[in-house]
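Spelled out, the chains give:
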Amino acid sequence: NINELITEIDAFRDARQWHQYHNAKDLSLSLSLEAAELLECFQWQSSEAAVENNLADIKDELADVMIYALTLASTLNLDVEAIIKAKIKKNAEKYPTPTK
């Protein structure tokens, strides 16, 4: 469950007294930096080659991106499931299913 995962991430952060550094701006910045590190796993090679050569690093960087995203949601007291469902609905309205 996503809320249990957020609780585990928050406990890890709190045990290290990092909460003081986890404001919305800095978490957003860190999320962007981790996304760039994920991109670096794919640099100068095809998608297939990158996955074959860097899967362990891709997993780690993707986990970092997700951890920062969930920490940001927690910091802002956002319901992750609700905001994702709302965005999917918004996208469905913006990008309707093609008709034949």
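Let us look at the structure shown here. (Residues numbered from 1 in each chain as written. Predicted model: local features only at pLDDT ≥ 70, side-chain atom pairs only at ≥ 80, totals over all residues. Heavy atoms only, no water.)

**Thoughts on the packing of aromatic side chains**
Argument step 1. The full count for this structure, using the stated rule, is one aromatic pair.
Argument step 2. Their ring planes at 70° and their centres at 5.7 Å tell us that F12 and W18 sit as a pair that is edge-to-face.
Argument step 3. A relative accessible area of 38% places W18 in the partly exposed class.
Argument step 4. For the cation-ring pair, R16 lies above F12, with the distance from its terminal atom to the ring centre recorded as 3.5 Å. (Phe/Tyr/Trp six-rings, centres within 6.5 Å; stacked < 30°, edge-to-face > 60°. Buried < 20%, exposed > 50% of the residue type's maximum accessible area, 1.4 Å probe, protein only. Lys NZ or Arg CZ within 6 Å of the ring centre and 35° of its normal.)

**Points about the packing of helix α1 (residues 2-15) against helix α3 (residues 47-75)**
Argument step 1. Between α1 and α3, the shortest axis-to-axis distance is 10 Å and the interhelical angle comes to 90°. Here α1 is positioned roughly perpendicular relative to α3, judged by the angle of their axes. In this structure, α1 uses I2, L5, I6, I9, D10 and R13 to contact α3, whose residues at the interface are I67, L70, T71, S74 and T75.
Argument step 2. Residues of the contact of α1 with α3, tallied by class, amount to six nonpolar, three polar and two charged. (Axes fitted to C-alpha atoms, helices over the stretch in contact; angles between N-to-C directions. Helix = DSSP H or I, 4+ residues; strand = E, 2+ residues; numbered from the N terminus. Parallel < 35°, antiparallel > 145°, perpendicular 65-115°, else oblique. Contact = heavy atoms within 4.5 Å. Nonpolar A, V, L, I, M, F, W, Y, C, P; charged D, E, K, R; others polar.)

**A short note on the nonpolar core**
Argument step 1. In terms of nonpolar packing, the biggest core is built from five residues, these being I6, I9, L70, A73 and V80.
Argument step 2. Among the secondary structure elements, those contributing two or more residues to this core are α1 and α3.
Argument step 3. Those residues in contact with A73 that lie beyond four places of it in its chain are L78 and V80. (Core = buried A, V, L, I, M, F, W, Y, C linked by side-chain atoms within 4.5 Å.)

Just geometry here; none of it tells us what the structure is for.
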